[in-house]
Amino acid sequence: AKVIENIVADANFEARAHDKSVEILKNDEVIISGSEGLLKRAIENVVRNAVRYTAAETSVEVSLVKSGPEGIITIRDHGAGVPQEELEKLFKPFYRVQEARDRKSGGVGLGLAIAEQAISTHKGKISAKNLEKGLSVEITLPLAEN
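None of these values were measured; they are calculated from a predicted model.

**Remarks on the pairing of strand β4 (residues 125-130)**
- Of the strand pairs in this sheet, β4 and strand β5 (residues 135-142) are connected by six bridges, and their pairing is antiparallel. Residue I126 lies in a different strand from β5, and its bridge partner there is I139.
- Counted along the chain from β4 to the antiparallel partner β5, the turn is four residues long, and its residue G134 has a positive phi close to 115°.

Listed below in structure tokens is the structure:
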């Protein structure tokens, strides 16, 4: 929960300069075994990506929910989404959605690939799906055994 709070606070500070915001909808306390730094960078990559593509005057919504033996982090933006046929390619290295290539949006297509690798290293999963307005990325990580 503390890692999510820190990521959201930093991203929100930067987002406000672009007439956007980042907010926490739910933030359950969970414990995950692994590298805090690696997981933080992975989640941060997804949140910053969402901030980049969410529409002005909208908020990126972040949730961390404990669900049985897993922690589920959901990051939702209010952008244009991703063409359905490109969703599965989002987490491949150097892949950028065609629209992002045409803009001066920065990046080389590594952020989501790095996130996927870090999540996978922690025996988790990451996936994306289009919503009516925007994109939702879900990160599922196993909780630490007590």
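**Quick word on the packing of helix α1 (residues 2-16) against helix α2 (residues 36-53)**
- Put simply, α1 and α2 touch, their axes get as near as 10 Å, and they point 35° apart. You can see that α1 and α2 cross each other, and the crossing is right-handed. The residues of α2 that touch α1, namely those facing V3, I4, I7, D10, A11, E14 and A15, are E36, K40, I43, E44, V47, R48 and V51.
- Here the residues of the contact of α1 with α2 sort into eight nonpolar, no polar and six charged.

**With respect to the pattern of salt bridges**
- One pass over the full model with this rule turns up five salt bridges.
- The closest approach of N and O atoms between K26 and D28, which form a salt bridge, is 3.2 Å.
- D28 sits in the buried class, given a relative accessible area of 19%.
- E44 is the salt-bridge partner of K40, the closest N and O atoms lying 4.0 Å from each other. Taken as a pair, K40 and E44 lie in helix α2 at a separation of four residues, close to a single helical turn.
- When its relative accessible area of 16% is taken as the criterion, E44 is described as buried.
- If you follow the salt bridges from partner to partner, you end up with E14, K40, E44 and R48 in one network.

**Concerning the sheet that holds β5**
- Taken together, the five strands give an open sheet; going across it, the order is β1-β2-β3-β5-β4, and neighbouring strands pair in mixed fashion. Looking at which strands have only one partner, the edges of the open sheet turn out to be β1 (21-27) and β4. Here the average twist between neighbouring strands, direction ignored, is 15°.
- Contacts from α1 reach β1, β2 (59-67) and β3 (70-76) within the one sheet, and its direction differs from that of β1 by about 160°.

**As for the nonpolar core**
- In terms of nonpolar packing, the biggest core is built from 34 residues, with V22, V47, I75 and I139 touching the most fellow members.
- Among the elements that line this core, the one with the most residues is α2, at seven residues.
- Apart from residues lying up to four places away in sequence, V47 is in contact with I7, A11, V22, V62 and I75.

**Here we look at α2**
- With 18 residues, α2 should reach 26 Å at 1.5 Å per residue; the first-to-last C-alpha distance of 26 Å fits that figure.
- Buried within α2 are the following residues: L39, A42, I43, E44, V46, V47, A50 and V51.

**Thoughts on the packing of α2 against helix α4 (residues 111-121)**
- Direction vectors running N to C along α2 and α4 enclose 145°, while the axes themselves pass 8 Å from each other. Every pair of crossing elements has a handedness; the one defined by α2 and α4 is left-handed. Between α2 and α4, the residues in contact are L38, L39, A42, N45, V46 and N49 and G111, L112, I114, A115, A118 and I119, respectively.

Calculation criteria
Residues numbered from 1 in each chain as written. Predicted model: local features only at pLDDT ≥ 70, side-chain atom pairs only at ≥ 80, totals over all residues. Heavy atoms only, no water. Pairing = 2+ DSSP bridges. Helix = DSSP H or I, 4+ residues; strand = E, 2+ residues; numbered from the N terminus. Axes fitted to C-alpha atoms, helices over the stretch in contact; angles between N-to-C directions. Left-handed = near helix turned anticlockwise from the far one by under 90°. Contact = heavy atoms within 4.5 Å. Nonpolar A, V, L, I, M, F, W, Y, C, P; charged D, E, K, R; others polar. Salt bridge = Lys/Arg side-chain N within 4 Å of Asp/Glu carboxyl O. Buried < 20%, exposed > 50% of the residue type's maximum accessible area, 1.4 Å probe, protein only. Core = buried A, V, L, I, M, F, W, Y, C linked by side-chain atoms within 4.5 Å. Expected span 1.5 Å × (residues − 1).

Function cannot be inferred from these measures alone, as they are strictly geometric.
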